[in-house]
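As a plain string of letters, each chain reads:
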Amino acid sequence: MSKSTAQKFGENMKKIRLEKGMSQGDICRALGLDRAYISNVENGKQNLTISTMEKVAKALGVSIDILLK
């Protein structure tokens, strides 16, 4: 069974965030979003808008396509 786009995005987001030494709190502050929301994104339980994907990518210093691979 293939992973959903939300699951792929969340896994890649968490991996990149950890590689950059960032906590969920760091991302929350950078994006102005709630920690529970970020947790749901990283666990593939939250669908994001394209504009939120762009904000996440910018906060992590990567392009959206890296997060969607």
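Located above this text is the structure these notes cover.
Residues numbered from 1 in each chain as written. Predicted model: local features only at pLDDT ≥ 70, side-chain atom pairs only at ≥ 80, totals over all residues. Heavy atoms only, no water.

## Brief notes about the environment of L60
Of note, L60 is situated in helix α4 (residues 50-60). Exposure remark for L60: the relative accessible area of 2% places this residue in the buried category. As for L60 and Q7, which are separated by 53 residues in sequence, their C-alpha atoms are 17 Å apart. (Helix = DSSP H or I, 4+ residues; strand = E, 2+ residues; numbered from the N terminus. Buried < 20%, exposed > 50% of the residue type's maximum accessible area, 1.4 Å probe, protein only.)

## Comments concerning the packing of helix α1 (residues 5-19) against α4
Where α1 contacts α4, the axes come no closer than 10 Å and their chain directions differ by 20°. Between α1 and α4, the interaxial angle falls into the category roughly parallel. In this structure, the crossing between α1 and α4 has a hand that is left-handed. Contacts between α1 and α4 involve F9, M13, I16 and R17 from the first element and M53, V56 and L60 from the second. (Axes fitted to C-alpha atoms, helices over the stretch in contact; angles between N-to-C directions. Parallel < 35°, antiparallel > 145°, perpendicular 65-115°, else oblique. Left-handed = near helix turned anticlockwise from the far one by under 90°. Contact = heavy atoms within 4.5 Å.)

## Thoughts on helix α2 (residues 24-31)
Considered for burial, the residues of α2 that qualify are Q24, G25, I27, C28 and L31. Projection of α2 onto a plane perpendicular to its axis shows the buried side chains occupying an angular sector of 160°, all on one side. Turned more than 90 degrees off the buried face of α2, the exposed positions are R29 and A30. Of the surrounding secondary structure, the elements contacted by the buried residues of α2 are α1, α3 (35-42) and α4. The opening residue of α2, the one whose side-chain oxygen lies 3.2 Å from the backbone nitrogen of G25, is S23. Phi turns positive, to about 70°, at G32, one or two residues after α2. (Arc of directions from axis to C-beta. Polar contact = N/O pair within 3.5 Å; in protein donor to acceptor, adjacent residues only side chain to side chain.)

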